[in-house]
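Summary of the model geometry
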Amino acid sequence: DGGITQSPKYLFRKEGQNVTLSCEQNLNHDAMYWYRQDPGQGLRLIYYSQIVNDFQKGDIAEGYSVSREKKESFPLTVTSAQKNPTAFYLCASSNPGTSGANVLTFGAGSRLTVL
Amino acid sequence: SQQGEEDPQALSIQEGENATMNCSYKTSINNLQWYRQNSGRGLVHLILIRSNEREKHSGRLRVTLDTSKKSSSLLITASRAADTASYFCATDALIQGAQKLVFGQGTRLTINP
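A short tour of the structure in this document, coming up. Per chain, residues are indexed from 1 in the order of the written sequence. Here chains are named by letter from A upward and ligands by number from 1 upward, in the order in which they appear as written. Side-chain atom pairs in this predicted model are given and counted only at pLDDT of 80 or more, local residue features only at pLDDT of at least 70, and totals for whole chains, interfaces and linings cover all residues. The side-chain quantities take in all heavy atoms of the structure and omit both hydrogens and water.

We now examine the nonpolar core. Think of a nonpolar core as a cluster: buried Ala, Val, Leu, Ile, Met, Phe, Trp, Tyr and Cys residues, connected wherever their side-chain atoms sit within 4.5 Å. Exposure is judged per residue with a 1.4 Å probe applied to protein chains only, and the accessible area is read against the type maximum: over 50% gives exposed, under 20% gives buried, and values in between give partly exposed. Counting 21 residues, the largest nonpolar core has M21, L32, W34, L74, I76, Y87 and L109 of chain B as the members making the most contacts within it. Helix and strand definitions follow DSSP, with helices as H or I runs of at least four residues and strands as E runs of at least two, each counted in order from the N terminus. Those elements that place two or more of their residues in this core are β3 (19-25), β4 (31-37), β5 (43-50), β7 (61-66), β8 (71-76), β9 (85-95) and β11 (107-112) of chain B. Note on contacts: a residue pair is in contact if any heavy atoms of the two residues lie within 4.5 Å. Dropping the residues within four chain positions of it, I76 of chain B is found in contact with E17, N18, A19, M21, R60, L61, D83, Y87 and L109 of chain B. Listed in part, the 20 residues of the second largest apolar core include I4, L21, W34 and A61 of chain A.

Put into structure tokens, the structure is as follows:
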């Protein structure tokens, strides 16, 4: 089955540590995205990538970093510079060119808690 | 502020009743999408309506779009307990020179058996 796999589902981090969240898709989608969701809130865009080896900052990129070395993979690193990293992180992908509309497919999410 | 804002923030109804959620936005859009999120899970795409469409149906879902009022509504008819979830609108628009999909804050829908 095609889809997006995020891991780990739950992650605990001590203050001052960097952590990396994995996102892998087998949908052959060109574009991939990382969103942050806080309790009772909507989604805020962290980073996005429209093609391999290229990515752009979203609305809340400070304290985060990404790479896009392969089409299938878009890992997100939450660095120690992110002051309030406890949140639910969602990865998504899309193929904007196929239908003229940017419909996103989401992973199941990773919940990061800073101890 | 958010491109898409939803109303109400929370809605609780009895099973079998209809549920209506509204979304307002600020800029011109190419299309508007609705997504569903079960608690602690990822979002699932429900339906897309293009800027030149006024109404669209998919099963028990009915979406309307009024571009003159910059608003959309999602109607779920004959609600079921399994419809309990958060529902988000997302507007696909050109913002600051880039095509972006911007999500609203969501409506938490609870269907009481």
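Read on for the rest.
Moving on: the packing of aromatic side chains. Under the pairing criterion, centres of Phe, Tyr and Trp rings, with the six-membered ring standing for Trp, must be within 6.5 Å; the plane angle then separates stacked pairs below 30 degrees from edge-to-face pairs above 60, leaving the rest tilted. The final tally for this structure, using the stated rule, is nine aromatic pairs over all chains. When the ring of Y33 of chain A is compared with that of Y35 of chain A, the centres are 6.4 Å apart and the planes differ by 25°; the resulting orientation is stacked. Comparing Y33 of chain A with Y35 of chain A shows no difference in burial state: the two are buried. Consider the rings of Y35 of chain A and F106 of chain A, whose centres lie 6.0 Å apart with planes at 40°: the pair is tilted. Of the two residues, Y35 of chain A is situated in strand β4 (residues 31-37) and F106 of chain A in strand β10 (residues 105-106); the sequence distance between them amounts to 71 residues. When its relative accessible area of 2% is taken as the criterion, Y35 of chain A is described as buried. Aromatic ring contacts, followed pair by pair, group Y33, Y35, Y48 and F106 of chain A together with Y35 and F103 of chain B into a single cluster.

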